[in-house]
Amino acid sequence: MPRNVYSGMGFPPFRGAVRQIILASVAIYVVILLLVSFAPAAGQALLTLGVLDPAHIRQGWVWQFVTYAFMYVDPMQFVLSLLGVYFLGGAVEDSIGTARFYGLFFGSLILSGLAGFALSVFPGGVIAHGEAMGSGAAANAILMVFYLLNRGAPIMLFPIPIQIPVKWIVLFTAAVEVAYLLLSHFALFYFVLLLGLGAGYVWYSLFLTRRSKLQISERYFALRNYYYRWKRRRAARKFEVYMRDHNRTVTFDEHGNYIPPEDDKKNGGSKSGWVN
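A short tour of the structure in this document, coming up. (Residues numbered from 1 in each chain as written. Predicted model: local features only at pLDDT ≥ 70, side-chain atom pairs only at ≥ 80, totals over all residues. Heavy atoms only, no water.)

Moving on: the packing of helix 6 (residues 98–120) against helix 9 (residues 188–208). One can describe the packing of helix 6 onto helix 9 by two numbers: an axis separation of 7 Å at closest approach and a directional angle of 130°. In terms of axis orientation, helix 6 runs oblique to helix 9. The handedness of the crossing between helix 6 and helix 9 comes out as right-handed. Between helix 6 and helix 9, the contacting residues are Arg100, Gly103, Leu104, Gly107, Ser108, Leu111, Ser112, Ala115, Gly116, Phe117 and Leu119 on the first element and Leu188, Phe191, Val192, Leu195, Gly196, Ala199, Val202, Trp203, Phe207 and Leu208 on the second. (Axes fitted to C-alpha atoms, helices over the stretch in contact; angles between N-to-C directions. Helix = DSSP H or I, 4+ residues; strand = E, 2+ residues; numbered from the N terminus. Parallel < 35°, antiparallel > 145°, perpendicular 65-115°, else oblique. Left-handed = near helix turned anticlockwise from the far one by under 90°. Contact = heavy atoms within 4.5 Å.)

Let's shift gears to empty space enclosed by the protein. The tally for this structure, following the rule as stated, stands at one cavity of 30 Å³ or more. In this model, the largest cavity occupies a volume close to 40 Å³. Taken together, Tyr68, Ala132, Met133, Gly134, Gly136, Ala137, Phe189, Val192 and Leu193 make up the lining of the largest cavity. Where the lining of the largest cavity is concerned, the elements lending two or more residues are helix 7 (136–149) and helix 9. Here the lining of the largest cavity takes three residues from helix 9, the largest share from any one element. The residue makeup of the lining of the largest cavity, split by class, is seven nonpolar, two polar and no charged. (1 Å grid on protein atoms, 1.4 Å probe; cavity = no way out; pocket = protein on both sides within 12 Å on 5 of 7 lines; lining within 4 Å. Points joined across faces, edges and corners; volume = space filled by probe spheres on them. Nonpolar A, V, L, I, M, F, W, Y, C, P; charged D, E, K, R; others polar.)

Turning our eyes to something else, we now look at the pattern of salt bridges. Taken as a whole and assessed by the stated rule, the structure comprises one salt bridge. Arginine 15 is the salt-bridge partner of aspartate 94, the closest N and O atoms lying 3.3 Å from each other. In this pair, aspartate 94 is assigned in helix 5 (residues 75–96) and arginine 15 in the loop between strand 1 (6–7) and helix 1 (16–38), connecting sequence segments 79 residues apart. Owing to a relative accessible area of 53%, aspartate 94 belongs among the exposed residues under this scheme. Assessed through its relative accessible area of 46%, arginine 15 is described here as partly exposed. (Salt bridge = Lys/Arg side-chain N within 4 Å of Asp/Glu carboxyl O. Buried < 20%, exposed > 50% of the residue type's maximum accessible area, 1.4 Å probe, protein only.)

These figures capture arrangement, not role.
Spelled out as structure tokens, the structure:
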């Protein structure tokens, strides 16, 4: 098999961030099932606290931008979402590292949730209505990042014994979710799913390309140098005040460099001088 073909016929390794996310999701779903079955009031209260509900967000329940990923009721939705995380998440995590995979997972959830909430504030409440739950947005973001990292790679998905270009899987996923979005009259749930694809593209562009890494590095060093220059100018001003209090006058330029008196310059001093 060519090296650029990803096979879904076998099971990827169950490890790293993918393992932790899936185990946490399973544990929380079991708790939800038990509560809904044996303590319906408590189960409903947990879902109310965790699902992404624009009405509650407006009341300050901002934790829902993260917790909605671990809220499930429908077993099929639970299985499909986590299968998306499992089958492609391992390959993406191997490519970008565990820390950045966590950033991708939770960052895409937050971006999708924020965008969905922004759509819900339109007057009339006809766009992005209802609630959102599950990690489908993160699964879509992982799919998008996998495509961007392996643009020419086909995927063999069980039980289909043929190679499917990953770009067609992305397009097929988007088309199906657009259809559900229309059939649901623009429900928030399907908006958030679709926005997950966009969030994956945005996250890749901002944090996972060589150009973005260079830009972040340049901004970091620019900020650091600006901070050091500010500290130097501040120290120079303090020293000027200190010397004036002792009836002596010293001068520094705009960069915080000491400017020696004219007599010192005639004796071989440099323009900006130096401090012992």
